[in-house]
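So the chains spell out like this:
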Amino acid sequence: MVAEAFPSDSASDPYAGDPVFDLHVGGKIEVTSAVHVTNADELSMAYTPGVARVCTAIAENPSLVRKYTWKSNVVAVVTDGTAVLGLGDIGPAASLPVMEGKALLFKEFGGVDSVPIALDCTDVDEFVETVVRLAPTFGGINLEDISAPRCFEIERKLKERLDIPVFHDDQHGTAVVVLAALRNALRLTDKSIEDIRVVISGAGAAGVACARILLQAGVGDLAVVDSKGVLSEDRADLNPVKLSLAKDTNTGGLSGRLVDALDGADVFLGVSGGTVPEEAVARMAPGAMIFALANPNPEVHPDIAHRHAAVVATGRSDFPNQINNVLAFPGIFRGAFDVNASRITEGMKLAAAEALAALISDDDLRPDYVIPSPFDPRVAPAVAAAVADAARQDGVARG
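Residues numbered from 1 in each chain as written. Predicted model: local features only at pLDDT ≥ 70, side-chain atom pairs only at ≥ 80, totals over all residues. Heavy atoms only, no water.

### Quick notes on the UniProt feature "domain: Malic enzyme N-terminal" (unreviewed entry) in the protein chain
- Here the UniProt-annotated "domain: Malic enzyme N-terminal" (unreviewed entry) positions come out as residues 26–159.
- The span residues 26–159 is 46% helical and 12% strand by assignment, and the distance between its end C-alpha atoms comes to 34 Å. (UniProt positions renumbered as here; feature names shortened; annotations may be inferred. Helix = DSSP H or I, 4+ residues; strand = E, 2+ residues; numbered from the N terminus.)

### A closer look at the sheet that holds strand β9 (residues 288–292)
- If you walk across this open sheet you meet the six strands as β7-β6-β5-β8-β9-β10, and the pairing is mixed. Every other strand in the sheet has two partners, leaving β7 (229–230) and β10 (309–314) as the edge strands with one partner each.
- Alignment of strand β8 (residues 267–270) against β9, held across four bridges, turns out to be parallel. The residue bridging Phe 268 from the neighbouring strand is Ile 290, located in β9. (Pairing = 2+ DSSP bridges.)

### Describing the packing of aromatic side chains
- Evaluated as defined, the whole model comprises six aromatic pairs.
- Aromatic side chains Phe 106 and Phe 329 sit 4.8 Å apart centroid to centroid with 65° between the ring planes, which places their arrangement in the edge-to-face category. On the criterion of sequence distance, the pair formed by Phe 106 in helix α6 (residues 92–110) and Phe 329 in helix α15 (residues 329–338) is long-range, its members being 223 residues apart. Each member of the pair, Phe 106 as well as Phe 329, is classed as buried.
- On the numbers, 5.8 Å between centres and 55° between planes, the contact of Phe 109 with Phe 375 is tilted. With a gap of 266 residues between them, Phe 109 in helix α6 and Phe 375 in the loop between α16 (346–358) and α17 (379–393) connect regions that are remote in the sequence.
- Grouping aromatic residues by their ring pairs yields a cluster made of Phe 106, Phe 167, Phe 329, Phe 333 and Phe 337. (Phe/Tyr/Trp six-rings, centres within 6.5 Å; stacked < 30°, edge-to-face > 60°. Buried < 20%, exposed > 50% of the residue type's maximum accessible area, 1.4 Å probe, protein only.)

### Quick word on the sheet that holds strand β2 (residues 113–118)
- Ordered in space as β2-β1-β3-β4, the four strands form an open sheet in which the pairing is parallel. Lying at the two open borders of the sheet, with one neighbouring strand each, are β2 and β4 (166–168). On average, each strand axis in the sheet is tilted by 20° relative to the strand beside it, whichever way the strands run.
- Looking at chain direction, strand β3 (residues 140–143) and β4 are connected through three bridges and run parallel. Within the sheet, the bridge partner assigned to Leu 143 lies in β4 and is His 168. (Axes fitted to C-alpha atoms, helices over the stretch in contact; angles between N-to-C directions.)

### Overview of a nonpolar patch on the surface
- A cluster of nonpolar side chains, contributed by Tyr 15, Val 20 and Phe 21, occupies part of the molecular surface with about 300 Å² of accessible area.
- Inspection of the secondary structure puts Phe 21 in helix α2 (residues 19–24).
- Exposure remark for Phe 21: the relative accessible area of 39% places this residue in the partly exposed category. (Patch = residues over 30% accessible without salt bridge, like charges linked within 9 Å, V, L, I, M, F, W, Y side chains within 5 Å. Areas by Shrake-Rupley, 256 points an atom, 1.4 Å probe, with all protein chains shown as cover. Salt bridge = Lys/Arg side-chain N within 4 Å of Asp/Glu carboxyl O.)

### Let's talk about the UniProt feature "domain: Malic enzyme NAD-binding" (unreviewed entry) in the protein chain
- Sequence positions flagged by UniProt for "domain: Malic enzyme NAD-binding" (unreviewed entry) are, in local numbering, residues 171–392.
- Taken end to end, residues 171–392 is 42% helix and 13% strand, and its first and last C-alpha atoms sit 23 Å apart.

Here it is, written out as structure tokens:
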């Protein structure tokens, strides 16, 4: 059907024959039936008149919607297309291939159904109101590729108004995997999380979330650097999100640029792009850890990073230690859904990171293996179980 609808004709389609584009023909996901309708009796139960009995039951007892519809296992993957991968503001239509890909990963890695939704609005309140009105259909909301600082306000407002999990993966998925990899890197280098000094390059969605989870995990000395320098309370150009972060970080009173902050640092975490000079990396502490996550070009190329660091990670699949969000979000939603969690707490995110790190044993741990592969079948179940347990402990599990 798809092949007939979109015939391959290189004369009219310059992308025909490209394996990436061929994989995307007709989209990457579809809706399939969970039950089969093969006769009149089945039709009368799946649709009218039988379906009316189910509707009436739900109207009388709304909690039944989780048992008798798909709500308990379906996520809305919502974007406005303003911060898509490294492509920037390309709009809702052009973001759809990414949102479809996200939905595919939810299903393949977590057994979670999802629907990509690309909204043609960038106003914060319009976006929030639209998602709130769509929410009765879904068991959770995964926010995706929304520009900062709007993404922070959108997530906060949705959490205030909805009683289902709301999760901005660009923030928290990245943060969970970073913390997991850092814990294992610390095991290798025999350093304590309370004693290290961390420098984060980037104060957008991922940078802010990584800073917050690292502080919660026990990092005591952490500085965040944006394009104008180290975040500090005496800077007059900070937005409210950055100012709040400045108040909680930079206890050492650093100032200046990224190259200055890296002097003697134990950890560099890059989530901003650009290039860090090798001479700056060379001044980091012995046994340094470099997580250069910009795609496709890491802030520090691994060949350079390995000259000066004990552990190196990137965001790319063609280098060891890929920091890939797919290690986190399928299992996090799976665990939240399994206990009907009303939200995703900080404790659930920390538990996900701990479970992910624990999958690598002392015998297997090595500099080029501090984080599991996305294809390790243990990942999603381990993360889901840890998240579910944390939801119970945090009092947000409803069943």
